[in-house]
Structures are given as structure tokens and as C-alpha cells.
Amino acid sequence: MEESLLVQMETLTAKSVVTETEAMIQEHPDDWILREQYALFLALGGQIDAAIDQWQHITQQLPHYPRGFVQLGGLLHRAGRWNEAVPVLRRALELHPINVKAMHDLAVCLSNQEVYDEAFELFANAVRIMPNYPEAHVDWALVLASRGQSLEAARRFQEALNHAPDHLGAHYHLGRHFAKAEDYEPAEKHHLEVVRLAPADVDARMDLALLYLKQKKVAEGVEQLQHAVDL
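Conventions and cut-offs
- Residues numbered from 1 in each chain as written.
- Predicted model: local features only at pLDDT ≥ 70, side-chain atom pairs only at ≥ 80, totals over all residues.
- Heavy atoms only, no water.
- Helix = DSSP H or I, 4+ residues; strand = E, 2+ residues; numbered from the N terminus.
- Buried < 20%, exposed > 50% of the residue type's maximum accessible area, 1.4 Å probe, protein only.
- 1 Å grid on protein atoms, 1.4 Å probe; cavity = no way out; pocket = protein on both sides within 12 Å on 5 of 7 lines; lining within 4 Å.
- Points joined across faces, edges and corners; volume = space filled by probe spheres on them.
- Nonpolar A, V, L, I, M, F, W, Y, C, P; charged D, E, K, R; others polar.
- Polar contact = N/O pair within 3.5 Å; in protein donor to acceptor, adjacent residues only side chain to side chain.
- Contact = heavy atoms within 4.5 Å.
- Phe/Tyr/Trp six-rings, centres within 6.5 Å; stacked < 30°, edge-to-face > 60°.
- Lys NZ or Arg CZ within 6 Å of the ring centre and 35° of its normal.
- Core = buried A, V, L, I, M, F, W, Y, C linked by side-chain atoms within 4.5 Å.
- Expected span 1.5 Å × (residues − 1).
- Arc of directions from axis to C-beta.
- Patch = residues over 30% accessible without salt bridge, like charges linked within 9 Å, V, L, I, M, F, W, Y side chains within 5 Å.
- Areas by Shrake-Rupley, 256 points an atom, 1.4 Å probe, with all protein chains shown as cover.
- Salt bridge = Lys/Arg side-chain N within 4 Å of Asp/Glu carboxyl O.

K.L.:
Would you mind showing me how to read unusual backbone geometry here?
P.N.:
Across residues other than glycine, the phi torsion is negative in most instances, and most of the peptide bonds are trans. Of note, the phi angle at glutamate 114 is positive, near 65°, even though the residue is not glycine. Of note, glutamate 114 is situated in the loop between α6 (100-112) and α7 (116-129). Of note in the backbone geometry, glutamate 182 takes a positive phi value of approximately 60° without being a glycine. As for its position among the elements, glutamate 182 is in the loop between α10 (168-180) and α11 (184-197). Of the residues examined, glutamate 182 reaches a relative accessible area of 58% and is grouped as exposed.

Following this line, the structure appears as C-alpha cells:
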């Protein structure tokens, strides 16, 4: 009951913020700082289309403000609107040529449009400028894997782990890579890391259970299956 009431209160508070902020924007439509804070709030709450609308206003008002184009392009990418995102992110890089987030987002968008050569160049530039940016390594690896370049993808996932040892996605994909190759020792290591990082993930428990069963480790497999059932 208390938790339900808390959720209701948080929902009412969020609605109040939206109502009050929209009223302030109506009164001060040129206050781009207010719009920026509102856009960040909307994105944090998962209201991506509404946040995009605010960033579009900002980029029209401030055509030389790199952050506006980086944020707008990132949200368009997040929404799967890649055709719209590409020119916005190109503009972001014109204004700020070494912005790693814009490079990364543009690389992903281009990959989804099968413009691979430019995408790979952007991924490479992003990790050259910021080697400890694991998301760029992971997304580059995912594109490589989708094209059947599994060994290069595995190396890229490992590079992500070199900089972020607890990166869940990198462990997950490496575990599956080694399991598919029937290289069970490293597969088990990465599957165990996934379970450690996400102990309540049923799929992670199932993957580990199946890996144990493939190795005839029946007791360990049954134990993980029981964890999955309990979850």
C-alpha cells in the first residue's frame, strides 16, 4: 500500500512539474535554458518525443549551439528515427568535430542504414579520442557480429571490458560468442559475470544453466534452473 501511494505521489509530482514548466515556457518561449532543463527532465522520464520537440526548438533558436544538436541527434537515434538523426548529428560534428557521443550515435545510425565504411571510421575515431568509452566498442562489436565478423567482434567486446570490466553487455555477448563456438571455459566465465552483475535476470540464469548442462555439469545446471524458477 505504501509503495503504491509513493508511486502515485511521484506521478502527481511529475505531472505538476510538466504542467508548471509548460506554463512557464508559454510565458517565456525564448528562454532556451528553461527548455533545455525541461527537455532533460522529459528524456529522463522516457518522454522521448516531447524531449525531441524541445531540442528542436532550441536548435532552431541557437543554430550554432553544439550541445543542442548532440542531444537532439542522440534522442532521434534512441527513438530509431535514423534518417532524421543523421543530418542533425552531422551538424553536431561540424560544430564540435571531436564530440565522441555524436560520433558514436552517428556511427550507429549509419550502421542501421548499412553505410558501414563511414560508420566504422566514426567508431574508430570515437575510441581513438576516448579509448575508455565502452559503449562505442560494444556497438561497433554488435555491428561487426551482425555482418558475420565474429572474431573481430569478440576482440572489440574484450576491448570494452579492458576499460569497463563490469560492462554487462560485453560479458553477455562474449559469453554467447564462446558458447556458440563450444569454447566452454571462457563462456562460463562470462556467463558467471552476467549472473553476478544481474542476479535477478531469469534469461541470464537460463543461459548459464544450459551452458552447464552442455558440459554435463548437471548439479550446477539444475541449481541455476531452480534459481530461474524462483525468480
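K.L.:
Just checking my understanding: could you explain the layout of surface pockets for this structure?
P.N.:
Over the atoms rolls a probe the size of a water molecule, and in doing so it shows where empty space is left. Of the voids in this model, the largest pocket is the one considered here, and its volume is about 250 Å³. Mapped by element, the contributors of at least two residues to the lining of the largest pocket are α8 (134-146), α9 (150-163) and α10. Residues of the lining of the largest pocket, tallied by class, amount to six nonpolar, four polar and two charged.

K.L.:
Please explain the side chain of aspartate 105 as it appears in this structure.
P.N.:
Turning to its location among the elements, aspartate 105 is positioned in helix α6. By relative accessible area, which is 4% here, aspartate 105 ends up buried. A polar atom in the side chain of aspartate 105 sits 2.7 Å from the side chain of lysine 101. Excluding its chain neighbours within four sequence positions, the residues that come into contact with aspartate 105 are Gly74, His77 and Leu89.

K.L.:
Got a minute to help me understand the packing of aromatic side chains in this structure?
P.N.:
Scanning all chains against the criterion turns up four aromatic pairs. Summarising the aromatic geometry, the rings of tyrosine 116 and phenylalanine 120 are spaced 6.2 Å apart at their centres and angled 35° between planes, so their arrangement reads as tilted. Within this pair, tyrosine 116 and its partner phenylalanine 120 are both found in helix α7, separated by four residues, close to a single helical turn. A centroid spacing of 6.4 Å and a plane angle of 35° characterise the contact between phenylalanine 120 and tryptophan 140, whose relative ring orientation is tilted. Pair noted here: phenylalanine 120 is in helix α7 and tryptophan 140 is in helix α8, with a separation of 20 residues, a long-range link. Given the relative accessible area of 16%, phenylalanine 120 is considered buried. Members of the aromatic cluster, each reached through a chain of ring pairs, are Tyr116, Phe120, Phe123 and Trp140. Its end group placed over the ring of phenylalanine 69, arginine 91 keeps NZ or CZ at 5.8 Å from the ring centre. The aromatic ring of tryptophan 140 is capped on one face by arginine 156, whose charged end is 4.0 Å from the ring centroid.

K.L.:
Would you explain the nonpolar core in this entry?
P.N.:
Across soluble globular proteins, nonpolar side chains have a tendency to be buried as a group. Ranked by internal contacts, the top residues of the largest apolar core, which has 57 residues, are Leu75, Leu106, Phe120, Leu122, Phe123 and Phe157. Looking at this core element by element, the count peaks at eight residues for α6. Judged by nonpolar contacts, the second largest core, of five residues, contains Val194, Val195, Ala204 and Leu208.

K.L.:
Help me understand α7 in this model?
P.N.:
Owing to its 3.6 residues per turn, the α-helix brings residues three or four apart onto one side. Over its 14 residues, α7 runs 20 Å from end to end, which matches the ideal 20 Å to within 8%, given 1.5 Å per residue. Among all positions of α7, only Tyr116, Ala119, Phe120, Leu122, Phe123, Ala126 and Val127 are buried. When α7 is viewed along its axis, its buried side chains cluster within an angular range of 160° and face the same direction. Projecting away from the buried face of α7 at angles above 90 degrees are the exposed residues Asp117, Glu121 and Arg128. Turning to α7, the residues buried within the fold contact α5 (82-95), α6, α8 and α9.

K.L.:
Just to check I follow, could you spell out α11 for this structure?
P.N.:
Here α11 is 14 residues long and its end C-alpha atoms lie 20 Å apart, about the 20 Å a rise of 1.5 Å per residue gives. Of the residues making up α11, those classed as buried are Pro186, Ala187, Glu188, His190, His191, Val194 and Val195.

K.L.:
Sorry, what's going on with a nonpolar patch on the surface here?
P.N.:
Together, Leu210, Leu213, Val218 and Val222 make up a nonpolar patch on the protein surface, roughly 320 Å² of accessible area in all. Listing elements by their share of the nonpolar patch, those giving two or more residues are α12 (202-214) and α13 (218-230). Tracing the backbone shows valine 222 in helix α13. Among the residues examined, valine 222 registers a relative accessible area of 47% and is labelled partly exposed.

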